[in-house]
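This is what each chain is made of:
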Amino acid sequence: MNSITVKPELDELYTLNEFISDELGMENLQVNLIVEEIFVNIVNYSKTEFIIVNAEYVEPTLTLEFIDNGIEFNPLLKEDIDLPNDIDEAQIGGLGIFLTKELADELDYHYTDGENHLEIVKIVKQ
């Protein structure tokens, strides 16, 4: 499993996406969406000092683990949002976690030694 540590700054998203693409050996829109949503949520809400991302790709399975030492938060317990009928009814917030739950094949969360650990498994078809 390969690992990268990035600062909790939005500018680091490019570095993280490049790391994931290199591990995967390709670009994948669904993976990019998952990574962006989780990373942005951690940066905006967790008050963390660092973000570690572990990645392993064994065809066809990509496993990502996000680790941070911010505020304890289990995104799997967040209730799914009600999807609006049209864009005018849309509320801000909550869509990223909903999207991640929909796009990922498996999600697991635990809080250990003051760190959030979110594991995401995605079957990636070439």
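Above this text is the structure in question.
Because the structure is predicted, anything quoted here is derived from the model rather than measured. (Residues numbered from 1 in each chain as written. Predicted model: local features only at pLDDT ≥ 70, side-chain atom pairs only at ≥ 80, totals over all residues. Heavy atoms only, no water.)

Colleague: Looking at this model, I keep getting lost on the pairing of strand E4 (residues 106–112). Mind explaining?
Modeller: For a regular strand, the rule is simple: side chains alternate between the two faces of the sheet. In terms of strand pairing, E4 meets strand E5 (residues 115–123) through seven bridges, oriented antiparallel. Within E5, the position partnered with tyrosine 111 by the bridge is asparagine 116. Adjacent in sequence and paired antiparallel, E4 and E5 are bridged by two residues, among which aspartate 113 carries a positive phi angle near 50°. (Pairing = 2+ DSSP bridges. Helix = DSSP H or I, 4+ residues; strand = E, 2+ residues; numbered from the N terminus.)

Colleague: Where do I start with the sheet that holds E4 in this structure?
Modeller: Reading across the sheet, the five strands line up as E1-E2-E3-E5-E4 and stay open at both edges, with antiparallel pairing between neighbours. In the strand order of this sheet, the two ends are held by strand E1 (2–6) and E4, each with one partner. Within the sheet, the average angular offset between the axes of one strand and its neighbour, ignoring direction, is 15°. (Axes fitted to C-alpha atoms, helices over the stretch in contact; angles between N-to-C directions.)

Colleague: Any chance you could explain the nonpolar core here in plain terms?
Modeller: If you look at soluble globular proteins, the nonpolar side chains tend to sit buried side by side. In terms of nonpolar packing, the biggest core is built from 28 residues, with Leu16, Ile20 and Phe66 touching the most fellow members. Elements supplying a minimum of two residues to this core: E1, helix H1 (13–24), helix H2 (29–45), strand E2 (51–58), strand E3 (61–68) and E5. The biggest single contributor to this core is H2, with seven residues. When near neighbours in sequence (up to four residues on either side) are disregarded, phenylalanine 66 contacts Leu16, Val35, Ile38, Phe39, Ile42, Ile51, Ile52, Val53, Asn116, His117, Leu118 and Ile120. (Core = buried A, V, L, I, M, F, W, Y, C linked by side-chain atoms within 4.5 Å. Buried < 20%, exposed > 50% of the residue type's maximum accessible area, 1.4 Å probe, protein only. Contact = heavy atoms within 4.5 Å.)

Colleague: Any chance you could explain the packing of H1 against H2 here in plain terms?
Modeller: To describe two helices that pack against each other, one gives the angle between their axes and the distance between the axes. Remark: H1 packs on H2, axes separated minimally by 11 Å, with the N-to-C direction vectors making an angle of 145°. Between H1 and H2 lies a crossing whose hand is right-handed. Note on element contacts: H2 touches H1 through Val31, Asn32, Val35, Glu36 and Phe39, opposite Leu13, Leu16, Asn17, Ile20 and Leu24. Broken down by class, the residue content of the contact of H1 with H2 amounts to seven nonpolar, two polar and one charged. (Left-handed = near helix turned anticlockwise from the far one by under 90°. Nonpolar A, V, L, I, M, F, W, Y, C, P; charged D, E, K, R; others polar.)

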